[in-house]
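Survey of secondary and tertiary structure
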Amino acid sequence: MGLSTATPMPWLAGPSTPCPRVVRRIVHRLGRILIYLRVVTSYPARLWSQSWKALLRVDSNTTLHNQENGVEMKLSGNTIFITGGGSGIGRGLAEALHKLGNQVIISGRRKGHLDATTKANPGMQSVELNVEDPASIAAVAKKLMAEYPKLNVLINNAGIMQIDDASAPIDDGLLVSIVTTNLMGPIRLTSALIEHLKKQDGAVLIHMSSGLGFVPLALTAVYSATKAALHSYTLSQRYRLKGSSVRVLEIAPPWVQTDLMAGNNDPRAMPLAEFIDEAITLLGTDAEEILVERVKPLRNNPGPNEGGFVTQFNDRLMLQPH
Ligand SMILES: NC(=O)c1ccc[n+]([C@@H]2O[C@H](COP(=O)([O-])OP(=O)(O)OC[C@H]3O[C@@H](n4cnc5c(N)ncnc54)[C@H](OP(=O)(O)O)[C@@H]3O)[C@@H](O)[C@H]2O)c1
């Protein structure tokens, strides 16, 4: 394709042929800068100082609320109940916390997994629980409060992840099962134990969300949505419990090598032991969100332009499923 010698943008030809539109734009911009400077310089000093004071007031209140909720979780001497403690992240956390000198009670539906875990960790206890079933939650909560009156930490870890198709009619059974397990389960179990927890010193409530709650994996749209909802619920709960003895924490793991979905050996996922080590270290700090380094790009993405990264992230995984 040949280039025309008569350029449609004559001002690009040299400084001797300025475009009137460009000149108008420069004058307009200069005008706006002058107006801005006038506003800034005429803003009374008293108002500036009041604005700063208002900002500082918010800062000091925030610090105060954090202090009221306690600083860091003590990593020993707790009585901890963890859902989904017979496998994966739940088992990893249960074993690490058991070794640190906590009374740990694990739960789940598969008795074989629970027994194998307690056998490998003498002193650890287990109870069968189906978090999809409100009656099971109520019965287990009652048993826990009766048998472990010092129970002061609840870790809502149980979850399921299944493939769906947000571009087609949804299988209602699949939808209800994921939402009931991942969102209603933690809410119901917390509800059954919250009044008990409020009476304990140094109580901690931990929800297991996911990096996918911040950047959804489109192949598992319902799963990702339940984790985003759990994050939101955690924020409300933390706000409502400020000033109480209950700290509310969220663990948002990256992709970790477990049996959650086929992929427990995928080299792109974080080795389970590494994840547990980093997460336990963070649990001992004053962080309210337990974010290992690998999940930070996902956690930090949300904002007005989040869609771009969501597309890149999903394109990459669609093109390289293995
Ligand atoms: N692995 C990852 O990449 C990753 C990333 C982010 C977040 N997470 C979250 O981490 C949590 C643990 O997952 P994981 O990766 O460790 O996978 P996992 O090994 O499959 O663990 C899930 C656990 O949840 C329990 N569970 C599932 N449905 C239950 C129900 N209805 N009632 C009671 N327990 C139930 C399972 O026990 P039973 O089957 O015996 O009931 C199992 O022990 C989940 O919430 C998951 O969403 C995982």
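Since the model is a prediction, treat every value here as computed from it, not as a measurement. (Residues numbered from 1 in each chain as written. Predicted model: local features only at pLDDT ≥ 70, side-chain atom pairs only at ≥ 80, totals over all residues.)

Quick notes on the overall build of the protein
The helix and strand inventory of the protein stands at 10 helices and seven strands. Residues classed as buried in the protein amount to 33% of the 322 residues present. In the protein, of all internal contacts separated by at least 6 residues, the share reaching a separation of at least 24 is 64%. (Helix = DSSP H or I, 4+ residues; strand = E, 2+ residues; numbered from the N terminus. Buried ≥ 20, exposed ≤ 12 C-beta atoms within 10 Å, placed from the backbone. Contact = placed C-beta atoms within 7 Å.)

Points about the pairing of strand 6 (residues 246-251)
Most of strand 6 is tucked away, with six of its six residues classed as buried. Every second residue of strand 6 is oriented toward a common face, with Val246, Val248 and Glu250 on one face and Arg247, Leu249 and Ile251 on the other, all of them buried. Pairing geometry for strand 5 (residues 203-208) and strand 6, over six bridges, is parallel. What sits directly across from Val204, in strand 6, is Arg247. (Pairing = 2+ DSSP bridges.)

Observations concerning the packing of helix 5 (residues 134-147) against helix 6 (residues 172-198)
Two elements in contact, helix 5 and helix 6, have axes separated by 9 Å at closest approach and are oriented at 25°. Relative to helix 6, the element helix 5 is oriented roughly parallel. Here helix 5 and helix 6 pass one another in a crossing that is right-handed. Where helix 5 abuts helix 6, its residues Pro134, Ile137, Ala138, Ala141 and Met145 lie against Arg188, Leu189, Ala192, Leu193 and His196. (Axes fitted to C-alpha atoms, helices over the stretch in contact; angles between N-to-C directions. Parallel < 35°, antiparallel > 145°, perpendicular 65-115°, else oblique. Left-handed = near helix turned anticlockwise from the far one by under 90°.)

Points about the confidence of the model for the protein
Mean pLDDT over the protein works out to 85, with 78% of the residues at or above the 70 mark. Counting contacts from residues 1-19, a segment whose pLDDT is below 50, to residues more than four positions away or on other chains yields nine contacts. Counting interchain partners and residues more than four positions distant, the pLDDT-below-50 stretch residues 38-69 has six contacts. (pLDDT = per-residue confidence, 0-100.)

Thoughts on the nonpolar core
As a rule of thumb, soluble globular proteins bury nonpolar side chains together. Within the largest apolar cluster, 58 residues are counted, with the highest numbers of intra-cluster contacts made by Ile82, Val104, Leu154 and Leu205. A per-element tally of this core places strand 5 first, with five residues. The contacts of Leu205, once residues within four sequence positions are left out, are Leu154, Thr190, Leu197, Val246 and Val248. (Core = buried A, V, L, I, M, F, W, Y, C linked by C-beta atoms within 7 Å.)

Observations concerning the packing of helix 6 against helix 7 (residues 221-240)
At their nearest, the axes of helix 6 and helix 7 sit 9 Å apart, and the two run at 20° to each other. Taken together, helix 6 and helix 7 sit at an angle that is classed as roughly parallel. In this structure, the crossing between helix 6 and helix 7 has a hand that is right-handed. Across from Leu175, Ile178, Val179, Asn182, Leu183, Pro186 and Ile187 in helix 6, the residues of helix 7 making contact are Val222, Tyr223, Thr226, Lys227, Ala229, Leu230 and Tyr233. Of the residues that constitute the contact of helix 6 with helix 7, the class distribution is 11 nonpolar, two polar and one charged. (Nonpolar A, V, L, I, M, F, W, Y, C, P; charged D, E, K, R; others polar.)

Considering the environment of Ala221
Relative to the elements of secondary structure, Ala221 occurs in helix 7. Residues in contact with Ala221, not counting those within four places in the same chain, are Asp164, Ala166 and Pro216.

Some words on the sheet that holds strand 2 (residues 103-108)
Strand order in the open sheet made by the seven strands is 3-2-1-4-5-6-7, with parallel pairing throughout. The strands lining the two open edges of the sheet, one partner per strand, are strand 3 (125-128) and strand 7 (289-290). As paired strands, strand 4 (residues 153-156) and strand 5 are joined by four bridges and run parallel to one another. Its bridge partner being in strand 5, Asn156 is matched across the sheet by His207.

Some words on helix 5
Taking 1.5 Å per residue as the helical rise, helix 5 with its 14 residues ought to reach 20 Å, and the 20 Å between its terminal C-alpha atoms agrees with that figure. What helix 5 keeps buried is the set Ile137, Val140, Ala141 and Leu144. Projected down its long axis, helix 5 shows its buried positions confined to an angular sector of 105°, all on one face. Opposite its buried face, helix 5 presents the exposed residues Ala135, Lys142, Ala146 and Glu147, each directed more than 90 degrees away. (Expected span 1.5 Å × (residues − 1). Arc of directions from axis to C-beta.)

A closer look at the environment of Ile194
On the secondary structure map, Ile194 appears in helix 6. On the basis of neighbour count, Ile194 is assigned to the partly exposed category, with 18 C-beta atoms found within 10 Å. Considered as a pair, Ile194 and Val246 are 52 residues apart in the sequence and their alpha carbons are 8.7 Å apart.

Here we look at the environment of Leu183
Note on placement: Leu183 falls in helix 6. Expressed as a C-alpha distance, the spacing of Leu183 and Ala228, which sit 45 residues apart in the sequence, is 9.6 Å. Once residues within four sequence positions are removed from consideration, Leu183 is found in contact with Thr226, Ala229 and Leu230.

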